[in-house]
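This is what each chain is made of:
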Amino acid sequence: MVVLHVLFEHAVGYALLALKEVEEISLLLPQVEECVLNLGKFHNVVRLVAFCPFSSSQVALENANAVSEGVVHEDLRLLLETYLPSKKKKVLLGVGDPKIGAAIQEELGYNCQTGGVIAEILRGVRLHFHNLVKGLTDLSACKAQLGLGHSYSRAKVKFNVNRVDNMIIQSISLLDQLDKDINTFSMRVREWYGYHFPELVKIINDNATYCRLAQFIGNRRELNEEKLEKLEELTMDGAKAKAILDASRSSMGMDISAIDLINIESFSSRVVSLSEYRQSLHTYLRSKMSQVAPSLSALIGEAVGARLIAHAGSLTNLAKYPASTVQILGAEKALFRALKTRGNTPKYGLIFHSTFIGRAAAKNKGRISRYLANKCSIASRIDCFSEVPTSVFGEKLREQVEERLSFYETGEIPRKNLDVMKEAMVQAEEAAAEITRKLEKQEKKRLKKEKKRLAALALASSENSSTPEECEEMEINEKPKKKKKLKPQEAPQENGMEDPPVSLPKSKKKKAFPKEELPSDSEEVATCSVSVPKRKKSSPKEEMVSDPEEAASPIIPKKKRKFTDEPEPAPSVSYTKNTKKKKKSQKASQED
């Protein structure tokens with residue numbers, strides 16, 4: 001019994017489904033059509049065999065590109081080989097895209113079917129997919145589809161960035177539009193300035209030159225011999241410049257006001273700027289054609305080649321066209337009119353603007369246009385599918401067209417196509433090697449510049465990151481130096497700074513002692529004689545620095561007593577009369 005499996009590609013992954021207890025596929029179509037909208041009935045027909053989710057959005061994009069191009073991705077191959085039965089003859093796989101079905105049948109050997117009942121089953125799976133897969137909601141499935149659609153479209157837009165033939169299409173369209181606009185504006189300038197100087201129209205035929213002269217001459221009455229050199233520069237012809245000067249002296253034109261001349265000169269300057277821009281755009285088009293389609297531009301010219309690409313839509317589409325289509329490309333109206341009226345069909349379309357058809361005789365125009373279309377088709381295919389496009393093939397094809405044109409005129413037998421192509425292959429290989437060498441050099445230069453830039457950025461970032469560390473090191477180096485200077489006073493600072501607000505009034509009390517009644521002890525008198533005069537001008541910290549011997553001594557409690565609220569115990573100190581009176585008054589108050 002053949003088992004029917006269905007492959008469904010979703011934005012979140014691949015799903016492999018099987019049909020339940022169905023022997024004949026032809027009987028399934030009405031059954032599936034009835035149960036597509038009903039989830040319960042659809043579950044009775046279809047069951048989920050396996051689901052392979054994509055690990056990331058990038059993997060989903062790669063699989064979508066592979067399916068659209070008809071290529072079997074490794075994830076799809078692993079799913080089919082794992083979950084499909086090993087006996088391939090008993091398996092029938094239903095797929096939605098015939099291209100991917102043909103690829104699976106060719107690579108894996110499974111029989112694939114598209115259309116009919118498979119389309120109905122896939123329609124039901126698409127509708128109930130979030131119910132078939134556990135943990136998948138309708139909202140998450142819609143988000144995944146939207147994200148994959150955006151990324152897929154973005155990748156398609158960015159496809160083939162180097163072959164930007166759409167720039168050629170826009171450039172040639174703008175060039176044609178500019179030609180029309182410049183012609184219209186130049187006719188307006190001719191009519192406008194012709195009221196004042198009508199003879200200039202007959203002398204100068206070129207539109208851009210006429211606008212430059214109208215801008216330069218202005219009022220014809222002011223034109224004299226001094227401006228003759230400038231006229232020769234503008235006209236590039238001394239005889240024409242002399243004729244303009246003579247015509248200005250005997251002109252029949254009307255006088256014109258200054259404000260009218262200002263407007264004419266302003267409009268002429270605009271037309272001149274448009275013609276200059278048209279020249280720069282033509283230069284840009286030539287450079288783009290030499291990059292994108294060098295063989296076609298060498299064969300038939302940049303403008304005609306660009307018009308062929310624009311009319312076909314892209315270089316790839318032009319390469320797909322046969323030579324007969326390229327021959328009448330651009331003459332569709334004449335072709336259908338001839339088919340409708342049963343008249344003669346056109347012999348040429350856009351390729352008529354090339355120089356070859358104009359040089360051919362009237363009886364040979366159709367023959368040379370057919371031959372030229374054949375060579376244009378070959379050149380477009382070479383440009384489209386070659387890895388390193390060169391103009392060698394285009395030049396050789398142009399030589400062949402020249403030889404065929406001379407054969408029609410003189411009867412000289414041209415060279416064989418095989419010999420010409422052999423020569424072209426040898427030259428093309430040399431040209432391709434030279435181009436690849438230049439590209440490698442450019443790539444090396446770019447990499448060197450990039451390395452230098454990255455090295456400079458790394459150096460700058462390292463300097464920025466090391467600056468605070470250096471500052472910390474400087475601070476650490478400075479702190480031990482301060483500690484070395486203050487080593488003798490470490491103990492007084494630790495002990496004496498415990499209560500700094502008390503030390504300030506204590507120093508004031510000590511200032512009240514007169515010099516005559518200082519302590520009588522020899523050591524304390526010596527210390528006091530050094531420290532007392534300094535206390536009046538210095539802070540308590542400086543007092544501590546001035547007594548290094550006491551700071552170094554191990555008797556710490558004595559120093560603590562200096563900063564307590566109680567008076568210092570000094571047995572050998574002789575008190576003054578005031579202190580004795582205070583003590584006596586205190587004793588009397590205690591006795592009472």
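About the criteria used
- Residues numbered from 1 in each chain as written.
- Predicted model: local features only at pLDDT ≥ 70, side-chain atom pairs only at ≥ 80, totals over all residues.
- Heavy atoms only, no water.
- Buried < 20%, exposed > 50% of the residue type's maximum accessible area, 1.4 Å probe, protein only.
- Helix = DSSP H or I, 4+ residues; strand = E, 2+ residues; numbered from the N terminus.
- Pairing = 2+ DSSP bridges.
- Arc of directions from axis to C-beta.
- Contact = heavy atoms within 4.5 Å.
- Patch = residues over 30% accessible without salt bridge, like charges linked within 9 Å, V, L, I, M, F, W, Y side chains within 5 Å.
- Areas by Shrake-Rupley, 256 points an atom, 1.4 Å probe, with all protein chains shown as cover.
- Salt bridge = Lys/Arg side-chain N within 4 Å of Asp/Glu carboxyl O.
- Lys, Arg positive; Asp, Glu negative; His and termini not counted.
- Charge placed at Lys NZ, Arg CZ, Asp CG, Glu CD.
- UniProt positions renumbered as here; feature names shortened; annotations may be inferred.
- Axes fitted to C-alpha atoms, helices over the stretch in contact; angles between N-to-C directions.

A. Region of the structure containing the pairing of strand β1 (residues 3–9). The buried fraction of β1 is high, at 5 of 7 residues. By the bridge criterion, 4 bridges tie β1 to strand β4 (residues 91–94) in an arrangement that is parallel. Its bridge partner lying in β4, Val3 is registered against Val91. Pairing between β1 and strand β2 (residues 13–19): 5 bridges, direction antiparallel. Each bridged residue has a counterpart across the sheet, and for Glu9 the counterpart in β2 is Tyr14.

B. Molecular detail of helix α5 (residues 98–107). For α5, the full list of buried residues reads Ile100, Gly101, Ala103 and Ile104. When α5 is viewed along its axis, its buried side chains cluster within an angular range of 165° and face the same direction. Of the residues in α5, the exposed ones pointing more than 90 degrees away from the buried face are Pro98 and Glu106. Structurally, α5 contributes buried residues whose contacts are with β1, α3 (57–69), α4 (74–83), β4 and β5 (111–113).

C. Representation of a positive patch on the surface. Together, Arg437, Lys441, Lys444, Lys445, Lys448, Lys449, Lys451 and Lys452 make up a region of like positive charge exposed at the surface. Looking at the element boundaries, Lys445 is found in helix α22 (residues 417–485).

D. Broad picture of the UniProt feature "coiled-coil region" (unreviewed entry) in the protein. When the UniProt feature table is mapped onto this chain numbering, "coiled-coil region" (unreviewed entry) sits at residues 418–457. A distance of 57 Å separates the end C-alpha atoms of residues 418–457, which is 100% helix and 0% strand.

E. Inspection of the sheet that holds β5 at higher detail. Taking strand neighbours across the sheet as the criterion, the 5 strands line up as β3-β2-β1-β4-β5 in an open arrangement whose pairing is mixed. Both outer strands of the open sheet, β3 (46–53) and β5, are each paired with one neighbouring strand and no more. The mean angle between the axes of side-by-side strands here comes to 25°, regardless of whether they run parallel or antiparallel.

F. Representation of the pattern of salt bridges. Per the counting criterion, the structure on display carries 19 salt bridges. Its salt-bridge partner being Arg77, residue Glu107 comes within 2.7 Å of it at the nearest N-O pair. Placement of the pair is Glu107 in helix α5 and Arg77 in helix α4, with a sequence separation of 30 residues. On the basis of relative accessible area, Arg77 is assigned to the partly exposed category, the value being 21%.

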